[in-house]
Amino acid sequence: MHESLDLENIHVYGARVHNLKNIDVTIPRNSLTVITGLSGSGKSSLAFDTIFAEGRRRYMETFNAYARQFMGDMERPDVDKITGLSPVISIEQKSTNRNPRSTVGTITEIYDFLRVWYARAAEAYSYETGEKMVRYTEDQICDLITKQYGGKKVIVLAPVVRGRKGHYRELFEQIRRKGYLQVRVDGDIKDIIINMKTDRYKVHNIEIVVDKIIVPTNGAEKGGGMERMRKSVKTALALGKDVIMLLDAETGEARHYSKLLMCPTTGISYKDPAPANFSYNSPTGFCPTCKGLGVVNRIDVTKIIPNPKLSIKKGAIDPLGKYKDNFVFRQLEALAEREGFSLDTPFEELTPEAQDVVLNGSPEPLHLDWMRMYGAGASTYDGIVKYIENAADDDEDDETALKYSAECTCPDCKGNRLNREALSFRIADKNIADLAMMDIADLRVFLDEIDDKLTDRQRKISGEILKEIKTRVGFMHDVGLDYLSRYRSAQTLSGGEAQRIKLATELSRRETGRTLYILDEPTTGLHFADVHKLTEILKKLASGGNTVVVIEHNLDVIKCADWIIDLGPEGGDAGGTLLAQGTPEEVAAVESSYTGQYIKKTLERTYLCEEKQDDE
Ligand SMILES: [Zn+2]
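A word on the overall build of the protein chain
Summing up its helical and strand segments, the protein chain has 21 helices and 24 strands in all. For the protein chain, the proportion of its 616 residues judged to be buried stands at 35%. Look at the contacts in the protein chain between residues 6 or more apart in sequence, and 70% of them connect residues 24 or more apart.

Next comes the structure, spelled out in structure tokens:
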């Protein structure tokens, strides 16, 4: 058969990359090929630097010249010819992800599907009271009001400011211009006067008094009472951005109604959730304090005072160093004098109060005599911690700030990465971060038992998405990653783990097929049972119409291979030769191949791999 017509095999002719000695190899398509050999024998040179490099180069050539200039030069690997090459995907040890936001959940897409699921099916709870959030249509609101307040005198309010600081002079003016006469400010109803304002430094709640009505009883005549109430409700909903408040004129008790998801007691409301609301990469979802990282850098006192046996003058405060005549030391001198401690005392012997004031400052102004010369006699001392933090904020001295800080769990989201609203949506009593924190094994159990815990509505909308999530979680289990949680940062993964995750992700993409996968020792760090599972996955990928090439030392993988390429005999200059290629039995027959002699023994003793497959 002419080589180029061979659809069954990939042929590499005259490979000379690095130490490869002009070798020809054959890789059967739709099968699992293992490249073996000692370290430095040329395995990566063949798999990655020749086959993958050529595959990628050909892929790049499909782009036009303009696009190619942004991709960098793709040098042609030193090889005569490769035939039968299909699109190549490499799943390597080296390709670690440097993005701190990248996690197991994001690489596997499991988290993306969880976000969609939560946006559609989760129930919202108030982060203030824990109550289930409710939402009503305008008609439902009117019905509820007649039911709850029929015959009573109520005040219809439109909330416009909730728990925010400001003087609100313009707002009061706007309300007045719209023709309203009264507002309720922090619980008190007041007439709007010209130049009305609130204390700008205090937190306020402001509502517009829209109407004072006697609520018609349910089923009352379709007369003016009902019409007027409906109109007031409509107006108040418009002014209050879909939230209204009703005040019982007798008892002063308030109640909220909303077209949005709303806490019935406090009136806080949530936007309709979209998948982005559950993303720790998006400002709409992430915790504002740590911006979705789950950790923050905080000043670490033990780094500021590395040696508390020193006095402040002798250099106890590391960022300040030894005493010198500068502004901070003059402040410290004045502070010590006022607070009654000495800069000559070892830091550890200072009273806790003195230590605290040095580190965290004092709100009381310090009087510095020498400053009078410049017309200013007082300054506040904010403390060493603040100085370092400010330096970091100015971005000028980021290095210093980093030197004295340590990473700790974000105090606001407790490492959950999301804002409190996102964390208040739950399915079967779990928020999305609870699921992301679970390892794959626990998540599988949770998903297996989920059906009974869903409401009818949830079950109806969950079907398809749940299937996607379960498939992906199943693949993660199959490649032996049961112990990983979706929040594990991609940076902390071992090379073997990262490869298996990518493999699981590839498997869950249904459109795979006709692809050449190249993997670099994917069994690294795997337990015996998991090696077997991984091998099965690789075989599954191959039987699904893909070609799988794996660099591997693990005998359990080698003996299950359809094809072995053994390079050697040694590393470096003494390597790069093809010692044997063929089926495990064929390679076992080659005396000069280490791998051959190695697998010969196992092949004689057991046919573990085949037996296992016969069982299935
Ligand atoms: Zn946070």
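Now that the structure has been shown, the text picks up again.
Here we look at the pairing of strand 21 (residues 516-520)
Regular strands place their side chains on alternate faces of the sheet. The element strand 21 is extensively covered by neighbouring structure, given that five of its five residues are classed as buried. Burial of strand 21 is two-sided: the residues Leu516, Ile518 and Asp520 facing one way and the residues Tyr517 and Leu519 facing the other way are all buried. As judged from the four bridges shared by strand 5 (residues 88-91) and strand 21, these two strands associate in the parallel manner. Its bridge partner lying in strand 21, valine 88 is registered against leucine 516. Judged from the five bridges that link them, strand 21 and strand 22 (residues 547-551) form a sheet pairing that is parallel. Across the sheet, residue leucine 519 finds its bridge partner in strand 22, namely valine 550. In the classification by handedness, the crossover that spans strand 21, the intervening helix 17 (residues 528-543) and the parallel strand 22 is right-handed.

Focus on the sheet that holds strand 20 (residues 430-431)
Across the sheet, three strands lie side by side as 6-19-20; this open sheet has antiparallel pairing. The sheet is open, and its two edges are formed by strand 6 (123-124) and strand 20, each paired on a single side.

Describing the sheet that holds strand 5
Read from one edge to the other, the open sheet built from six strands follows the order 5-21-22-3-23-24, with strand pairing classed as mixed. Both outer strands of the open sheet, strand 5 and strand 24 (577-582), are each paired with one neighbouring strand and no more. The average undirected angle you get between the axes of adjacent strands in this sheet is 15°. Strands in contact with helix 1 (residues 43-61) are strand 3 (32-36), strand 5, strand 21, strand 22 and strand 23 (563-568); relative to strand 5, the strand with the most contacts, it is inclined by about 140°.

Here's the deal with unusual backbone geometry
Cis geometry is adopted by the peptide bond preceding proline 569, which originates at glycine 568 and carries an omega value of 0°. Counting through the fold element by element, proline 569 comes out in the loop between strand 23 and strand 24. Backbone geometry places aspartate 429, a non-glycine residue, at a positive phi of 70°. Residue placement: aspartate 429 occurs in the loop between strand 19 (425-427) and strand 20. Unlike most non-glycine residues, glutamate 521 shows phi in positive territory, near 45°. A count of 18 C-beta atoms within 10 Å places glutamate 521 in the partly exposed class.

Section: helix 9 (residues 327-339)
Three- or four-residue spacings in an α-helix give side chains the same orientation, since the helix completes a turn every 3.6 residues. With 13 residues, helix 9 extends 18 Å from end C-alpha to end C-alpha; this agrees with the ideal 18 Å at 1.5 Å per step. Those residues of helix 9 that fall on the buried side of the exposure criterion are Leu332, Leu335 and Ala336. Along helix 9, the residues classed as buried sweep out an arc of 100° about the axis, all on the same side. Glycine 340 occupies a position one or two residues after helix 9 and carries a positive phi of about 75°.

Overview of the environment of isoleucine 469
The residue isoleucine 469 is located in helix 15 (residues 456-478) in this model. With 23 C-beta atoms packed within 10 Å, isoleucine 469 lands in the buried category. Taking the C-alpha atoms as reference points, isoleucine 469 and tryptophan 117, 352 residues apart in sequence, are found 9.1 Å from one another. Discounting residues that sit within four places of it in the chain, isoleucine 469 has contacts with Ile110, Phe113, Leu114, Trp117 and Leu447.

Topic: the nonpolar core
One broad trend across soluble globular proteins is that nonpolar side chains are buried collectively. Counting residues in each nonpolar core, the largest one holds 128 residues, and the members touching the most others are Val156, Leu157, Ile244 and Ile518. Among all residues touching leucine 157, those that are not within four sequence positions of it are Arg184, Glu207, Ile208, Val209, Val210, Ala236, Ile244, Met245 and Leu247.

Some points on the packing of helix 14 (residues 440-448) against helix 15
Think of two packed helices as two axes; the pair is described by the angle between the axes and how far apart they sit. Here helix 14 crosses helix 15 at 145°, and the two axes come no closer than 10 Å. When the axes of helix 14 and helix 15 are compared, the crossing they make is left-handed. Residues Ile440, Leu443, Arg444 and Leu447 of helix 14 lie in contact with helix 15, whose contacting residues are Leu466, Ile469, Lys470, Val473, Met476 and His477. Its residues assigned to classes, the contact of helix 14 with helix 15 shows seven nonpolar, one polar and two charged.

Rules of the game
- Residues numbered from 1 in each chain as written.
- Predicted model: local features only at pLDDT ≥ 70, side-chain atom pairs only at ≥ 80, totals over all residues.
- Helix = DSSP H or I, 4+ residues; strand = E, 2+ residues; numbered from the N terminus.
- Buried ≥ 20, exposed ≤ 12 C-beta atoms within 10 Å, placed from the backbone.
- Contact = placed C-beta atoms within 7 Å.
- Pairing = 2+ DSSP bridges.
- Right-handed = clockwise from strand over helix to strand, strands pointing away.
- Axes fitted to C-alpha atoms, helices over the stretch in contact; angles between N-to-C directions.
- Expected span 1.5 Å × (residues − 1).
- Arc of directions from axis to C-beta.
- Core = buried A, V, L, I, M, F, W, Y, C linked by C-beta atoms within 7 Å.
- Left-handed = near helix turned anticlockwise from the far one by under 90°.
- Nonpolar A, V, L, I, M, F, W, Y, C, P; charged D, E, K, R; others polar.

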